[in-house]
Amino acid sequence: MGTLEQKLEEEIKLLQREIKAYEAEQEACVRAISLQNGEALQGLVRNLSNKVEKGNVMLKKDVSKLITEISNLEKDLRRQTEISGISLSECFVKTVTKTERKNVQQYRLTGHCCFLSFQAEFALTEIQDGETFLKKISDLNIIVDGAELKDLCAFLSRVEETKGLFLFFRTLGSFSERCKQRNRTFQYFKSTWGHRCRLRAGSSRLAVSFNHRWLSFSRPLLCSCRGYSV
Amino acid sequence: MDIVRKQGVFDHLMVLEKAGTTGQEKQKQDRLDELRSTIVTLRAKRDRLSAETAALKSLQNKLDQGQPLEVDEADDLMQLDQFLLKSRLMQLKDLQTAYHLIGGYNLIENKQGKSICVSFCTAYGDMYLETFNLEMDLRRTVQISRHNIPPCIPLDKLAKENLQTDFKAFLETLSLHLNALAGRKQQISLIKELVGTVEVIEKNQLCNFLVLMCKAQESEAAILCTLEYSDLTKCLPTRVTIQSKDTTLAESPQWKKNQALLMESPVHIALLTLRKMGSIV
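Conventions we followed
Residues numbered from 1 in each chain as written. Chains lettered and ligands numbered in written order. Predicted model: local features only at pLDDT ≥ 70, side-chain atom pairs only at ≥ 80, totals over all residues. Heavy atoms only, no water. UniProt positions renumbered as here; feature names shortened; annotations may be inferred. Helix = DSSP H or I, 4+ residues; strand = E, 2+ residues; numbered from the N terminus. Buried < 20%, exposed > 50% of the residue type's maximum accessible area, 1.4 Å probe, protein only. Contact = heavy atoms within 4.5 Å. Phe/Tyr/Trp six-rings, centres within 6.5 Å; stacked < 30°, edge-to-face > 60°. Lys NZ or Arg CZ within 6 Å of the ring centre and 35° of its normal. Salt bridge = Lys/Arg side-chain N within 4 Å of Asp/Glu carboxyl O. Arc of directions from axis to C-beta. Buried area = accessible area lost by both parts, 1.4 Å probe. Polar contact = N/O pair within 3.5 Å; in protein donor to acceptor, adjacent residues only side chain to side chain.

Under an unreviewed UniProt entry, chain B has the name Centromere protein O and belongs to Astyanax mexicanus. Comment text from UniProt for chain B, heading Sequence similarities (unreviewed entry), reads "Belongs to the CENP-O/MCM21 family."

Per an unreviewed UniProt entry, chain A goes by the name Centromere protein P and belongs to Astyanax mexicanus.

See the structure below:
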């Protein structure tokens, strides 16, 4: 009898493994579809919810639940983009390893923050070991448009070293915020002083020259992303 | 009488024995039935998933070949449309996770816009640490209704400063505070993990006051390093004092340098450097 019981238990384990494999396959498939057809999918959802609003279609309960969930998430993400100033245009996620203990996912994020566009790649490892739960970043690689900004480059290599993803995005936010302010300042000077001001070196330096009978000087206005520490 | 009694006991024992074995057998049978019914359920689930996966794959192939996405006009939506909706949902969920990882917080609206839930994640270096949640009531003025922010974080003060006027600034400063606290805590556990010879004698809840005891390598004199972090949004101390019974040692140029090092780098890294340089055991 014991052997029959064992046999049945083994079959259960096998079935559970098969189910997990199918689930993983579906997840990968669903992600691939969404990555390839992002805009079309958005259209599809809009189309469906319009129809529902007009009362043209009666949807099955689980379909309408899905649509509600989607529109709620869309709303949350719009607010998130607005508040954080970071806009993600692409999010590629691939599950590398998935066991009960360990979960490794590869991320590739593309987006922009103000006028600076970026791409960040990293692996996220989650390990559940009894009571302890570990979640860490590795293989971080960041590319930012605006490599001519020297300060930014030095900062980037430090971030890649310390793997401080947070720090990077927080700094990117305030950096682009300052760039915006600087641009406003420049526009102000330009409208007030006209030809006397010019931008130097990748728009990171603004010089205004003043000429007076007794006085003549050129004052550079600088702004940089230094001054942040881990 | 005796015989009857004997027989009676004997019979009784037999009955008990029989009942015992059937009880065991019944238990076994129940267990087997349970396993069999689990197998039936799992098989059904596997078959459903297998069919779904096949359908999903053919949909993916269709899309890869450039066939357009179409909403089925029939009242009863096809399964494929459900897959497409699931794809969109997955995409959005991934984006939400990504925002959590890079931005430090997620905003989730609930109760039809009456309240908003913010979930803050904290990280130090490559490690993600604790997550904290805050629920805000949006009905009249913005008000914090529930949260699990540690009591040592000056939440009321931060809320007074920015909550009504600049929501973004409020979230940013709170996130900075939470991250700095998590970072200082993590530094302390890294000291215990990496520099076991240094003893953490005193620390407070905010982890912004820290007394460490280490031993000088040459004289073996005990040295107390007191670190104060007056900027609660940072993981670097604003004041470091060195004390020792051996006053000449504490005031030596070497320890002046060590003091500067403790000011400039995260405490566990500074201590590792001091040990490597041979200043402490």
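Draft legend 1. Layout of the overall build of chain A. Looking only at helices and strands, chain A has 5 helices and 7 strands in total. Going from N to C terminus, chain A has its helices and strands arranged as α-α-α-β-β-β-β-α-α-β-β-β. The 230 residues of chain A split such that 36% are buried. Considering only contacts within chain A whose residues lie at least 6 apart along the sequence, 34% involve residues at least 24 apart.

Draft legend 2. Summary view of the packing of aromatic side chains. Counting across every chain of the model gives 5 aromatic pairs over all chains. Centroid distance Tyr 107 of chain A to Phe 122 of chain A: 5.1 Å. Interplanar angle 10 degrees. Geometry classified as stacked. With Tyr 107 of chain A in strand β2 (residues 102-113) and Phe 122 of chain A in strand β3 (residues 116-129), this pair connects stretches of sequence that are 15 residues apart. Both residues of the pair, Tyr 107 of chain A and Phe 122 of chain A, belong to the buried class. Seen from their ring centres, Phe 166 of chain A and Tyr 128 of chain B are 6.0 Å apart, and the 80 degrees between their planes marks the pair as edge-to-face. Note that Phe 166 of chain A is positioned in helix α5 (residues 165-193) and Tyr 128 of chain B in strand β3 (residues 127-137), a pairing that runs across two chains. Residue Phe 166 of chain A shares its accessibility class with Tyr 128 of chain B, and that shared class is buried. In this structure an aromatic cluster arises from ring pairing among Phe 118, Phe 168 and Phe 169 of chain A. Across the ring face of Tyr 128 of chain B, the terminal group of Lys 135 of chain A is positioned such that the distance to the ring centre comes to 5.5 Å. Sitting above the plane of the Tyr 229 of chain B ring, Arg 184 of chain B keeps its charged end 6.0 Å from the centroid.

Draft legend 3. The arrangement of the pattern of salt bridges in detail. In the structure shown here, the tally under the stated rule is 28 salt bridges over all chains. The salt bridge involving Arg 36 of chain B is made with Asp 33 of chain B; its shortest N-O contact spans 3.8 Å. Highlighted residues: Arg 36 of chain B and Asp 33 of chain B, both in helix α1 (residues 2-64), separated by 3 residues, approximately one helical turn. In this structure Arg 36 of chain B comes out as partly exposed when scored by relative accessible area, which is 35%. Residue Asp 137 of chain B is joined to Arg 139 of chain B by a salt bridge in which the shortest nitrogen-to-oxygen separation is 3.1 Å. Given the relative accessible area of 59%, Arg 139 of chain B is considered exposed. Look at the salt bridges and you will find they share partners, linking Glu 5 and Glu 9 of chain A together with Arg 31 of chain B into a network.

Draft legend 4. Region of interest: the UniProt feature "coiled-coil region" (unreviewed entry) in chain A. Sequence positions flagged by UniProt for "coiled-coil region" (unreviewed entry) are, in local numbering, residues 5-32 and 56-83 of chain A. Each end of residues 5-32 of chain A is marked by a C-alpha atom, and these two atoms are 41 Å apart; helix forms 100% of the span and strand 0%.

Draft legend 5. Spatial organisation of helix α7 (residues 267-277) of chain B. Residue and element names in this part refer to chain B. Along α7, the residues that are buried comprise Val 267, His 268, Ala 270, Leu 271 and Leu 274. With its buried residues spanning 160 degrees around the axis, α7 presents them on a single face. On its buried face, α7 sits against β2 (115-124), α4 (167-194), β6 (209-215), β7 (222-228) and α6 (253-264). Gly 278 occupies a position one or two residues after α7 and carries a positive phi of about 85 degrees.

Draft legend 6. Structural context of the interface of chain A and chain B. At the junction of the two partners, chain A supplies 75 residues and chain B supplies 74 residues. Taken together, both faces of the contact between chain A and chain B bury some 7300 Å²; the carbon and sulfur share is 68%. Looking only at chain A, the three residues that lose the most surface to chain B are Gln 80, Ile 83 and Phe 166 of chain A, adding up to 10% of its buried area. Remark: the boundary between chain A and chain B carries 13 salt bridges. With its nearest N and O atoms 3.9 Å apart, the salt bridge here joins Lys 136 of chain A to Asp 126 of chain B. At the boundary of chain A and chain B, one finds 26 residue pairs in polar contact (both at pLDDT 80 or more). Put simply, the parts of the chain that give the side of chain A that touches chain B at least two residues each are α1 (2-36), α2 (38-54), α3 (61-84), β1 (86-98), β2, β3, β4 (132-144) and α5 of chain A. Per-element tally for the side of chain A that touches chain B: the top contributor is α1 of chain A, with 22 residues.

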